[in-house]
Amino acid sequence: MRFAVPIFPGSNCDWDCIHGVEDVLGEEVKPVWHQTSDLDGFDAVILPGGFSYGDYLRAGALARYSPVMESVVNAANEGKLVIGICNGFQILQETGLLPGALMQNNHLQFRCNFTTLRVENNQTPFTNQYKLGETIEIPIAHGQGNFTCDPNTLMELQANNQILFRYAGTNPNGSLDQIAGITNRNGNVLGMMPHPERAIVDWMGSADGTRLFTSMLQAWKENQGAA
Amino acid sequence: MLHESTQTVAQAVKTIANEPTPENIRDQELYRNMGVLPEEYDQICGHLGRLPSWTEVGIYSVMWSEHCSYKNSKPLLRKFPTSGPRVLQGPGEGAGVIDIGDNQAVVFKIESHNHPTAVEPFQGAATGVGGIIRDVFSMGARPVALLNSLRFGELESPHVRYLFDHAVAGIAHYGNCIGIPTVGGEVVFDPSYEGNPLVNAMCVGVLEHHELQKGIATGVGNPIIYVGASTGRDGIHGATFASEELNEESEEKRSAVQVGDPFVEKLLLEACIEMVKKEMLLGIQDMGAAGLTCSSAEMAAKGGVGLEMNLDLVPQRESGMTPYEIMLSESQERMLLVVETGREHEVKEVCDRWGLQSAVVGRVTEGNRYQILHQGDLITDIPVNTLVDDAPIYEREAREPAYYTEFEKVDAYDQVKEVDPQAAFYKVLGSSNVASKRYVYQQYDHMVRTSTAVRPGSDAAVVVIRGTEKALAMSTDGNGRYVYLDPEQGGRIAVAESARNVVCSGAEPLGVTDCLNFGSPEKPEVYWQLSKAIDGMSEACHALSTPVIGGNVSLYNETNGQSIFPTPVIGMVGLIEKREHITTQAFQQAGDSVLLLGDTKVELGGSELQHLMTGSISGRPPVLDCKAEQTLQAALLDAIRQGMIQSAHDLAEGGLALAVAESAMSGKCGVRIDWKNELPTIAALYSETQSRVMVSVRSEDRAEMIAFFQERGVPVHEVGVVTEEPTIAISYNGQVVVHDSLASITQLYEEAILCKMKASSMN
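Position labels on residues start from 1 in each chain and follow its written sequence. As a convention, the first chain written is A and the first ligand written is 1, with the rest following in written order. Thresholds applied to this predicted model are a pLDDT of at least 70 for local features of residues and 80 or more for the giving and counting of side-chain atom pairs; totals over whole chains, interfaces and linings are not thresholded and use all residues. Only hydrogens and water are set aside; all other atoms, that is, all heavy atoms of the structure, feed into the side-chain values.

As annotated in an unreviewed UniProt entry, chain B carries the name Phosphoribosylformylglycinamidine synthase subunit PurL and is attributed to Baia soyae. If you open the UniProt record of chain B and go to Sequence similarities (unreviewed entry), you find "Belongs to the FGAMS family." UniProt positions are given in the numbering used here, feature names are shortened, and annotations may be inferred rather than shown by experiment.

Per an unreviewed UniProt entry, the recorded name for chain A is Phosphoribosylformylglycinamidine synthase subunit PurQ, and the organism is Baia soyae. Under the heading Pathway (unreviewed entry), UniProt records this for chain A: "Purine metabolism; IMP biosynthesis via de novo pathway; 5-amino-1-(5-phospho-D-ribosyl)imidazole from N(2)-formyl-N(1)-(5-phospho-D-ribosyl)glycinamide: step 1/2." Database annotation for chain A, UniProt heading Subunit (unreviewed entry): "Part of the FGAM synthase complex composed of 1 PurL, 1 PurQ and 2 PurS subunits."

Here you go:
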């Protein structure tokens, strides 16, 4: 399986994601410059966290115009797996691949700590290695992770089982319905504020993030087998 | 070559329209406005062989400021040990460098940004972080961690809450955006810092030996390349501002505070590291304090060459900037490079790809002339060595302050002996100085780069080095109260405690970077504090084999004539050989025995308890015996490396009682302390005696460990046991002092600072 990790000016979790794939899966993973417009050789895309373009204007608002995002949209439309973590989630919303918006945290401060998430749907390419309803420990680090959307969108997200993760303990940022991560309608594009790549060995404080990576590999293998 | 550069007398230079003429400057003593003294002005005239222009006086004034020249501290700084078998680079470059084996080295430095923070806390603190990061990557290193050491007045004051909140947010803003984890530090509140907060920022980086860079200009004819943000009118005369006392007019100097852009610095960082990896650079230096002036002059002086710069080529943020403004601007996120002729396009290519400006602004010349051109005119011509090597040096008068003699008679124990030991526990636990700093560190991204193995809240932070078994432990420490009461003891303690913190995490201390925050050296009592503190620090650095590889001096920390407590801050880095040696302060397992290493004395002068109970500090601080400290640290490190230590925690503010509580809270374990000793209860539990560490060991290793420490000459006291039951129970000589649930103690500890900050929003 081949992963692409696009690097925007100001990305800072790019190498953490690359190391995450290498260390957990040992699969091929490549950094991809934001001016690249060809992702044909890749099976999955990880949009990393950071402060693309300094978060100027609005988090993710400028990165969406990078040439690489056109090919990310194409990859998503082809059914390839796309995951946006933190700033990557913000970029996916700005691009329109995911609904809603991420506002400033309700307490107005940046927040970095471990959060407890509940896995709300394990029938997806990103969560098939988790148990339904299980709680996992994954850290957050953001100033703008306060998920919001209009009531109809929320109903759709709930009705279609698009909410994969909710904050199970304290809501760290004021997110609507405790939402920590959602997919698109097709289930192949995930956006989440917590950082699974920061929880892959015990000395990091938790290894619960590993199964997000193994889930993707599992889904890809099944898909290969079916094809 | 525009000008003959081998001549020895400076050429006449043009006076810029609307600027004072050289004669005006002399007759009206205008140089005084830039902090230049009459005798210094005379020296400048001597060096030039003529009267200096406005720009030239400005250049001398920043180069000869305390911040750049150490003119008041240099004779004292020479006492520090600065070399050692592992030291690859001592003081004098952007940051010091120490070998850590496998062809790798660690680079680190601490620096103050106190005055900017006092007048504009968010940008002042943010740019302090930005500056120290540039110091580290200008050495060729990849920054891997940030730490800080902060001092504020007490949180009861609304202005202090504003300074504290905005300074922390500024530090968070810069570090989080650039993606370097802020893994540790300390925050202390004391009335002494009310008008003059301290923000000391430290950065740690890692490089391969061959990647080590220097700030040097070499090769006549080679281009000098400016990279990064444009030059604007911000931060003009920042270095001079940093070398004065604060007063009511300081607020007007807000324009001397720089404005940071961490996004541009991220691009600059990546571009510079790429150029280092591609071996493109001959010299590289950050434009930090004194901006373009300091970086270019120091590079030329170090290379023994002259240089010529054309200011018309410098990228500028606004039109109509004068040479004076361009030369003295401290706009952030700029770097100066020297490369071989013919490689300019390679630099441009890298910078273009990262979306950074770059411009050839000058050339290396033969001789020693520092020549600046502006709109076709020569506007500065200075022998460059006189800027860097000939700064005046002052040996100030030192006088023992009256308080020091008076305090000898004070019995600190006597002041607190009637305090109820149980009430003392809750009082100390909830004090801002002891309580959890989660309010602060949860605003810092401390996990980015996925290398942080010990997060904030333990004695030292630990960052692993990917691809190896090694890890780096790091800590910042300083106790201004102890130093005020006895600068020599306080200096020793600062070094010893930071080394102890690093050892507690399983590391061998490698070296020190220091930030000396003091009042005005022109006051004999302050100079005495500085001198004695350096004596104490030097002695401890010798004893613990931790050379000082760089640092920063911040003098004139005064508000309206009142000095801060003398506050040397130590940044210590240690090497952990194997990840399995990483140890924290957290109790691990019920049944483990709790041992107290080191003897306790009646030492309450300068203690947190004394301050809380009497509202001030007096008497003498704890005494530090360097030999005992060294013995303790060596034995503890050996025990950790043998895998015998479950947890280790330095005893600091609040003494044994607080160390017990902290280890229990970190480990989410209960503990039962039942200790019998001859000391009075208050002293046994709250003395801040040095060279003590509380460890926990597996019950089956208990006897062996007691024997081990005794054999090594370390006093051992078995004081208790880790328990399943989530209760903190402390008894002394059979008397119950504390018996409370872990949950309620944790709540008090975790929420103390938040409560004080919340109170602010209701005012």
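A. Seen up close, the overall build of chain B. Scanning chain B from N- to C-terminus turns up 27 helices and 28 strands. Over its C-alpha trace chain B gives a radius of gyration of 27 Å, about what one expects of a compact globule, namely 27 Å for 763 residues. For the C-alpha atoms alone, the extent of chain B along its principal axes is close to 85 × 55 × 50 Å. Buried residues in chain B amount to 66% of all 763 residues. Contacts spanning at least 24 positions in sequence make up 85% of the contacts within chain B whose residues lie at least 6 apart. Accessible surface is estimated by sampling points in the Shrake-Rupley manner with a 1.4 Å probe; for residues, cover comes only from the protein chains shown. For chain B, the accessible area works out to roughly 24,800 Å², and carbon and sulfur atoms hold 47% of it. A helix here means a DSSP run of H or I that spans at least four residues, while a strand means a run of E at least two residues long, and both kinds are numbered starting from the N terminus. In this treatment the radius of gyration is a C-alpha quantity, and the globule benchmark scales as 2.2 Å times the residue count to the 0.38 power. Relative accessible area decides the class of each residue, using a 1.4 Å probe on protein chains only: under 20% of the type maximum gives buried, over 50% gives exposed, and in between gives partly exposed. Two residues form a contact once any of their heavy atoms are found within 4.5 Å.

B. Representation of the packing of aromatic side chains within the structure. A pair of aromatic rings is counted whenever rings of Phe, Tyr or Trp (Trp by its six-membered ring) have centres within 6.5 Å, and the orientation is called stacked for planes under 30 degrees apart, edge-to-face for over 60 and tilted otherwise. Summed over the entire model, instances satisfying the criterion amount to 21 aromatic pairs over all chains. Between Trp33(A) and Trp354(B) the ring centres are 4.9 Å apart and the planes differ by 80 degrees, which places this aromatic pair in the edge-to-face class. Of this pair, Trp33(A) sits in strand β2 (residues 28–33) while Trp354(B) is found in the loop between α13 (344–353) and β11 (358–365), placing the two residues in two different chains. Looking at Trp33(A), the relative accessible area reads 18%, which means it is buried. Residue Trp354(B) is classed as buried on the basis of its relative accessible area of 12%. Taken together, a centroid distance of 6.4 Å and an interplanar angle of 70 degrees make the contact between Phe407(B) and Tyr484(B) edge-to-face. You can see Phe407(B) sitting in helix α15 (residues 402–407) and its partner Tyr484(B) sitting in helix α19 (residues 480–485), a full 77 residues away along the chain.

C. Layout of the sheet that holds strand β4 (residues 81–85) of chain A. All names here are of chain A. A strand pair is defined by DSSP finding two or more bridges across the two strands. In space, the nine strands of this open sheet follow the order β2-β1-β3-β4-β11-β10-β9-β6-β7, with mixed pairing throughout. Only two strands of the sheet have a single neighbouring strand rather than two, namely β2 and β7 (135–142). With strand direction ignored, the average angle separating the axes of adjacent strands in the sheet is 25 degrees. Where strand β6 (residues 111–119) lies against β7, eight bridges are found, and the strand directions are antiparallel. Bridge pairing in β7 places Arg111 opposite His142. Here helix α1 (residues 14–24) sits on the sheet in contact with β1 (2–7), β2, β3 (44–47) and β4, set at roughly 170 degrees to β1. Helix axes are fitted only over the stretch in contact, all axes being lines through C-alpha atoms; the angle between N-to-C directions runs from 0 to 180 degrees.

D. Here's a closer look at the interface of chain A and chain B. Contacts between the two partners involve 27 residues from chain A and, on the opposite side, 28 residues from chain B. Once two parts are put together, the accessible area they lose, assessed with a 1.4 Å probe and summed over both, is termed the buried area. Around 2,300 Å² of area is buried between chain A and chain B when both sides are counted, 58% of it from carbon and sulfur atoms. Three residues, Trp33(A), Cys112(A) and Trp203(A), lead the burial of chain A against chain B; their summed loss comes to 26% of the area buried on that side. We count a salt bridge whenever a side-chain nitrogen from Lys or Arg sits within 4 Å of a carboxyl oxygen from Asp or Glu. On the surface where chain A and chain B come into contact, there are three salt bridges. One salt bridge in this structure joins Asp23(A) and Arg466(B), with 2.9 Å as the shortest N-O distance. Each polar contact in these results corresponds to two N or O atoms within 3.5 Å; when the atoms are within protein, one needs to be able to donate a hydrogen and the other to accept it, and residues that are neighboring in sequence are counted only if both atoms are side-chain atoms. For the pair chain A and chain B, the number of links is 11 residue pairs in polar contact (both at pLDDT 80 or more). Going through the elements one at a time, α1, β6 and β7 of chain A are the ones with two or more residues in the side of chain A that touches chain B. Think of it as three bins: nonpolar holds Ala, Val, Leu, Ile, Met, Phe, Trp, Tyr, Cys and Pro, charged holds Asp, Glu, Lys and Arg, and polar takes everything else, Gly as well. The residue makeup of the side of chain A that touches chain B, split by class, is 13 nonpolar, eight polar and six charged.

E. Just the packing of helix α17 (residues 421–429) of chain B against helix α24 (residues 655–667) of chain B, in detail. All names here are of chain B. At a minimum axis distance of 10 Å, the contact between α17 and α24 shows a crossing angle of 60 degrees. Considering the angle they form, α17 stands oblique to α24. Here α17 runs over α24; the crossing is right-handed. Here Phe425, Val428 and Leu429 of α17 lie close against α24, whose contacting residues are Ala657, Leu658, Ala661 and Met665. Any angle from 65 to 115 degrees is called roughly perpendicular, while one under 35 is roughly parallel, one over 145 is roughly antiparallel, and all others are oblique. For a crossing to be left-handed, the near helix must be turned anticlockwise from the far one by less than a right angle; the clockwise case is right-handed.

F. Layout of the pairing of β2(A). All names here are of chain A. In this sheet, β2 lies alongside β1 in parallel orientation, the contact comprising six bridges. Of the residues in β2, the one forming a bridge with Pro6 is Val32. By convention a crossover is right-handed if, when the strands point away from the viewer, the path from the first strand over the helix to the second runs clockwise. Traced from β1 through α1 to β2, the parallel crossover comes out right-handed.

G. Here's a closer look at the pattern of salt bridges. Per the counting criterion, the structure on display carries 54 salt bridges over all chains. Measuring nitrogen to oxygen at the nearest pair gives 3.1 Å for the salt bridge that ties Glu28(A) to Lys30(A). On the basis of relative accessible area, Glu28(A) is assigned to the partly exposed category, the value being 35%. A salt bridge links Arg32(B) to Glu29(B); the nearest nitrogen and oxygen atoms lie 2.8 Å apart. Given the relative accessible area of 46%, Arg32(B) is considered partly exposed. By relative accessible area, which is 33% here, Glu29(B) ends up partly exposed. Connected through salt bridges with shared partners, the residues Arg118(A), Glu120(A), Arg166(A) and Asp177(A) form a single ionic network.

H. Expanded view of helix α26 (residues 702–711) of chain B. Residue and element names in this part refer to chain B. Three or more residues of α26 are buried, namely Met705, Ile706, Phe708 and Phe709. On an axial view of α26, the arc spanned by its buried residues comes to 160 degrees, and they lie on one face. Here the buried face of α26 lies against β22 (593–597), α23 (626–641), β25 (693–697) and β26 (716–723). Phi turns positive, to about 80 degrees, at Gly713, one or two residues after α26. Directions pointing from the helix axis toward each C-beta atom define the arc.

I. Fine view of the UniProt feature "domain: PurM-like C-terminal" (unreviewed entry) in chain B. In the numbering used here, UniProt assigns the "domain: PurM-like C-terminal" (unreviewed entry) feature to residues 220–372 and 589–731 of chain B. Structurally, residues 589–731 of chain B is divided into 36% helix and 23% strand, and its ends, taken at the C-alpha atoms, are 21 Å apart.

J. Seen up close, the UniProt feature "domain: PurM-like N-terminal" (unreviewed entry) in chain B. All names here are of chain B. The UniProt record marks residues 92–206 and 457–576 with the feature "domain: PurM-like N-terminal" (unreviewed entry), using the residue numbering of this structure. Note that residues 92–206 is 38% helix and 37% strand, and that its end C-alpha atoms are spaced 18 Å apart. The distance from the first to the last C-alpha atom of residues 457–576 is 19 Å, and the span holds 37% helix and 35% strand.

K. Highlighting the side chain of Ser432(B). Its location among the elements puts Ser432(B) in the loop between α17 and α18 (438–441). At 3.1 Å, the side chain of Ser432(B) and the side chain of Lys756(B) are in polar contact.

L. Looking closely at the domain arrangement of chain B. Residues and elements named next belong to chain B. Each domain's limits were defined by an automated method or a database of domain assignments. According to the domain assignment, chain B contains domain 1 (33–388) and domain 2 (584–763). For domain 1 and domain 2, the distance between their C-alpha centres works out to 41 Å. Listed per partner, the contact involves nine residues of domain 1 and six residues of domain 2. Summed over both partners, the interface of domain 1 with domain 2 comes to about 620 Å²; 67% of that surface belongs to carbon and sulfur atoms. Summed over the shared surface of domain 1 and domain 2, the result is one salt bridge. Examining the composition of the side of domain 1 that touches domain 2, we find that three residues originate from one element, helix α8 (residues 158–178), more than from any other.

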